[in-house]
Every structure is written in structure tokens, then in C-alpha cells.
Amino acid sequence: MVHASTLAAGSVGSVETRYLDLAAPVRLDCGRELHPVRVAYETYGTLSPRRDNVILVCHALSGDAHAAGFSKVAPDGSTRDGFAAEDRDGAAGEGLGWWDGMIGPGKAFDTDRFFVVSTNLLGGCRGTTGPSSTDPATGRPYGPDFPVITVADMVRTERAFLDALGIERLAAVAGGSLGGMQALEWATLYPDQVDSIVVIASTHALHPQGMAWNAIARESILRDPDWQGGNYYGTGRAPDAGMGVARMVGHVTYLSAPALRDKFGRKLQFADDIRYTITEPEFEVENYLRHQADSFVKRFDANTYLTMSRALTYFDLARQYGDGSLERALEAVSARTLLITFSSDWLYPPSASEDIDEALRALGKPTELHLIDAPYGHDCFLLEEERQTPIVRRFLAG
């Protein structure tokens, strides 16, 4: 492990993803057990002798274990390929971790103080066991036979992984979007093992509009003939067209109308006037979405997309733990809670964070809510790192 003081200011330096095989099966909400389970992970900083300085950071739908620093292995594609990524990163973005602006010496999750752990989620396609992994019963990829999983299953897998590392308690669990859902699940499922949670651009339950867009994205994959019922591995045909459309749909939901207007407007891409074509992109925004689709299918598995999308739509704390009541669901939570939300995020709107804050306050739980006025929609949690940093640093110092 590289000690933080030997690194360039603000960077955790060069990192390598590692892998750990869990000794015991993981019991799932669907009633099945999964074994073997391999977990891909990275760590940054130095574990204290008392093992009490650990922060678990959790990624969103399309992320992976590589959260900070420069990858020693050239990636299939960057997880930092979203809106304004090239403007932010330039040529350096290809090997950077997806939350590099937040993790490192002096950053929000300060590796001079904390030992930060990042894993690829259960069901993933970036090193952790998922649909593209080999099913020991058949010797072939699981494909559609991979069990339907929940956010709680992801968290139980993270708990088993940390047990294997000898880490009993977490100073914090943090994440945005689906990562924020995991933080909330941790505080609810393991209330005595988490000191604090940082929940960014997330929700206690996806709103119906978000569920609808996720359904459209899944249908685009399921209706692609090359999906082949999920058994496309080794056939030479993959549902890239459906996956590309799913990425386009998902990406638009991560943005806002003002952000799209300001970046693209109605500017033409390839000519000074329209070319009277149906099949080719005419406008910059069309070409941008096609680029997003083409780059995404090179690094992500369609069955994993389906698995992750379903898990986040199932997530509903009130249903899971409160018999329909969010306040009742949060009764056991003991972690200090930081909620950060963004004014232009219509997929995970500020009202969702306000619901959580109000429920915690009604229970007398320590909570704080910060609304950041920013134009980029849901992607703000990745783009507005500079404005989030002082909020997170103050909270973790408390």
C-alpha cells in the first residue's frame, strides 16, 4: 500500500484493482444463494491501527471499483465519459477514477485521514460476480440465470467483503445516485456499524417518472434480437443497438434541459445547413448521444445493465422496512446523515432528500440537508465536486 504522504498533492497516484473471493455464499432477497462471489476493489490511504477510519464509497449504475487515481491497467473505457467529461478532464480522463475529484489527500474524502474503500457492485461487469461471470453449475456465463438482486443484496455483499478484510465498523458510507441508496441501506440494515452516511443526489425510492425511463431503457435491450434471451455470450452477437439506446435514454435523464440547451442548442454537427437525412445525426446533440452509446457498449454488459436498473427500481426503504412509512423505516438509524441534492436534478429531485431529512428530524436523528443550485441535472454529483467538497469535509470533521 502506498502511503498518502508519498503521493503528488491531491492525488492517490497509480492504483491497481484487486480481487477477493468470499468464503461463504451470499444469501439474496429473492431466496437464492450465490457462490462463489468475487469482489473487485481498490483502497486509498492508510488503515489506522484501530481500523476506525474506513470510508466505503459506493458507485452508481455504470461505475466500478476504480474510484480514484490513475489505473495501472488501461481501461476498456472511462467511467468518466459523461456530460462535459472532456471539458473537465481533457486527455487525462481515460484512466482516472470516477470520483477522483473527491478522493485523495486534502479532498472531500481525505486520504491523509481516512482509508477509503471502493468495490464494484454485486451484479457488476467490472470484476465483481455478475451475469457475465461463469456459473459453476454449467461452466458458462450466468446470463439470464443470474439471480435478480436488490440494493440490500449489494450491501450484504459489501459487508461480507469488509468482514474478510477485518473491518467491523465504518466511519462513513458515501455515494451518489445508486451509491446513495447503498449508503441509506447500510444505515438501515447495519445501524450499529456505521458512524455516518453521505447521500448525494439520491432518494429513498425512485419516483414513478424515473421508474418509467428505466423501464424504457430495459425494454430497448430486451427487444434487441441480439439479446437472444440473455444468452448472447460467445455467439459473436451482442445487443449493442439496444444497449446504445438504453445509454441514450439514461444519459438524457441524468441531464437537464438548460444544460442541453447551453451546451448544444440547435447547432448542426457536420454541415452549415440540414442535409435531409433520416439515418444520420444532423445536430450536435444527436451526434453526442450516438457517441455516448458507442463508447458505453464497449465497456458495459447488457445483462448487468438490466440487473442494476431493476435493483434501483426495487429500492424503497418505506416498503422494505416501514410498512409504507419512511419515518418508521428509519427508526433504527443511528448514523449522522448528510444529504446533498441539486436544484436541476429531476430524476432524483430535491424533494426526495427533503423527505428523508424530514423523517430523520421527526425522529430526532442528526441530519443536515444541502441544496446546491447547479444546472447540470443528476450528473451534478459528478460535475460539482468543488462545491460539494467543503460541505463533506465539514461534515466528516464533526
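Asks: Would you explain the overall build of the protein chain in this entry?
Replies: A count of helices and strands for the protein chain gives 13 helices and 16 strands. Computed over its C-alpha atoms, the radius of gyration of the protein chain comes to 20 Å, within 12% of the 21 Å expected for a compact globule of 398 residues. Dimensions along the principal axes, computed over C-alpha positions, put the protein chain at roughly 65 × 50 × 50 Å. Across the 398 residues of the protein chain, 56% fall into the buried class. Taking contacts inside the protein chain between residues at least 6 apart in sequence as the whole, the part at least 24 apart equals 73%. Total accessible area on the protein chain is roughly 16700 Å²; 51% of this is exposed by carbon and sulfur atoms.

Asks: Just checking my understanding: could you explain the nonpolar core for this structure?
Replies: If you look at soluble globular proteins, the nonpolar side chains tend to sit buried side by side. In this structure, V173, W186, I197 and Y305 are the most contacted members of the largest nonpolar core, which totals 70 residues. Grouped together as the second largest cluster of nonpolar side chains are 33 residues, I55, A60, A67 and I391 included.

Asks: What is the right way to look at a nonpolar patch on the surface in this model?
Replies: Taken together, the side chains of W213, I216 and W346 present a nonpolar region at the surface, about 270 Å² in accessible area. On the secondary structure map, W346 appears in the loop between β15 (336–342) and α11 (350–362).

Asks: I tried to follow the pattern of salt bridges on my own but got confused; where do I start?
Replies: Counted by the stated rule, this structure contains 18 salt bridges. For E284, the salt bridge is made with K267, and the minimal N-O distance between the two is 3.9 Å. Taken together, the positions of E284 in helix α7 (residues 284–296) and K267 in the loop between α6 (257–263) and α7 put the pair 17 residues apart, joining distant regions of the chain. Overall, E284 belongs to the partly exposed group, its relative accessible area being 22%. The network of salt bridges with common partners includes D29, D153 and R156.

Asks: Where do I start with the sheet that holds strand β6 (residues 54–58) in this structure?
Replies: The strand order across the open sheet formed by eight strands is β2-β5-β10-β6-β13-β14-β15-β16, and the pairing between neighbours is mixed. Strand pairing shows two members of the sheet lacking a second neighbour, β2 (18–21) and β16 (367–372), which therefore form its edges. Neighbour-to-neighbour, the strand axes of this sheet turn through a mean angle of 20°, independent of strand direction. In this sheet, strand β5 (residues 38–44) lies alongside β2 in antiparallel orientation, the contact comprising four bridges. When the sheet's bridge partners are listed, L20 is paired in β5 with V39.

Asks: For this particular structure, what's the right way to read the side chain of K107?
Replies: Inspection of the secondary structure assignment puts K107 in the loop between β8 (103–104) and β9 (109–110). When residues no more than four places from it in sequence are discounted, the contact partners of K107 are G10, D100, G101, M102, T389 and R393.

Asks: Just checking my understanding: could you explain the packing of helix α4 (residues 208–222) against helix α5 (residues 240–253) for this structure?
Replies: Helix-helix packing: each pair is described by the crossing angle between the helix axes and the interaxial distance. At a closest axis distance of 7 Å, the pairing of α4 and α5 adopts a crossing angle of 165°. If you check the angle between α4 and α5, you find them roughly antiparallel. Two packed elements cross with a definite hand, and for α4 against α5 that hand is right-handed. Residues W213, I216, A217, S220 and I221 of α4 touch α5, and the partners they reach there are G242, M243, V245, A246, V249 and T253. Residue composition of the contact of α4 with α5, grouped by class: eight nonpolar, three polar and no charged.

Asks: Quick question: what am I supposed to make of the environment of Q388 here?
Replies: Along the chain, the position of Q388 falls in helix α13 (residues 385–397). Take Q388: its relative accessible area is 0%, and that puts it in the buried class. In this structure the C-alpha to C-alpha distance between Q388 and G104, which are 284 residues apart in sequence, comes to 14 Å. Ignoring sequence-local partners within four residues, the contact set of Q388 consists of M102, I200, I340, F342, I372, C380 and F381.

Asks: Would you mind showing me how to read the environment of G242 here?
Replies: Examined against the element boundaries, G242 turns out to sit in helix α5. Residue G242 is classed as buried on the basis of its relative accessible area, which comes to 4%. Separated by 55 residues in sequence, G242 and V297 have C-alpha atoms that sit 9.5 Å apart. Residues contacting G242, with those up to four places away along its chain left out, are S220, I221 and D224.

Asks: Help me understand α7 in this model?
Replies: It helps to recall that an α-helix has 3.6 residues per turn; residues three or four apart then point in one direction. The terminal C-alpha atoms of α7, which comprises 13 residues, lie 18 Å apart, in line with the 18 Å expected from a rise of 1.5 Å per residue. By the burial criterion, the buried members of α7 are Y288, L289, Q292, A293 and F296. All buried residues of α7 fall inside an arc of 140° around its axis, so they share one side. Packed against the buried residues of α7 are α5 and α8 (302–314).

Asks: Sorry, what's going on with the pairing of β6 here?
Replies: Burial runs high along β6: five of the five residues are buried. Judged by which residues are buried, β6 turns out to be covered on both faces: V54, L56 and C58 on one side and I55 and V57 on the other are all buried. Here β6 runs beside strand β10 (residues 115–119); their pairing, made up of four bridges, is parallel. Along β10, the bridge assignment pairs I55 with V116. Note that β6 and strand β13 (residues 172–176) share four bridges and pair parallel. When the sheet's bridge partners are listed, V57 is paired in β13 with A174.

Parameters at a glance
- Residues numbered from 1 in each chain as written.
- Predicted model: local features only at pLDDT ≥ 70, side-chain atom pairs only at ≥ 80, totals over all residues.
- Heavy atoms only, no water.
- Helix = DSSP H or I, 4+ residues; strand = E, 2+ residues; numbered from the N terminus.
- Rg over C-alpha atoms; globule rule 2.2 N^0.38 Å.
- Buried < 20%, exposed > 50% of the residue type's maximum accessible area, 1.4 Å probe, protein only.
- Contact = heavy atoms within 4.5 Å.
- Areas by Shrake-Rupley, 256 points an atom, 1.4 Å probe, with all protein chains shown as cover.
- Core = buried A, V, L, I, M, F, W, Y, C linked by side-chain atoms within 4.5 Å.
- Patch = residues over 30% accessible without salt bridge, like charges linked within 9 Å, V, L, I, M, F, W, Y side chains within 5 Å.
- Salt bridge = Lys/Arg side-chain N within 4 Å of Asp/Glu carboxyl O.
- Pairing = 2+ DSSP bridges.
- Axes fitted to C-alpha atoms, helices over the stretch in contact; angles between N-to-C directions.
- Parallel < 35°, antiparallel > 145°, perpendicular 65-115°, else oblique.
- Left-handed = near helix turned anticlockwise from the far one by under 90°.
- Nonpolar A, V, L, I, M, F, W, Y, C, P; charged D, E, K, R; others polar.
- Expected span 1.5 Å × (residues − 1).
- Arc of directions from axis to C-beta.

Purely spatial values, then, with no claim about function.
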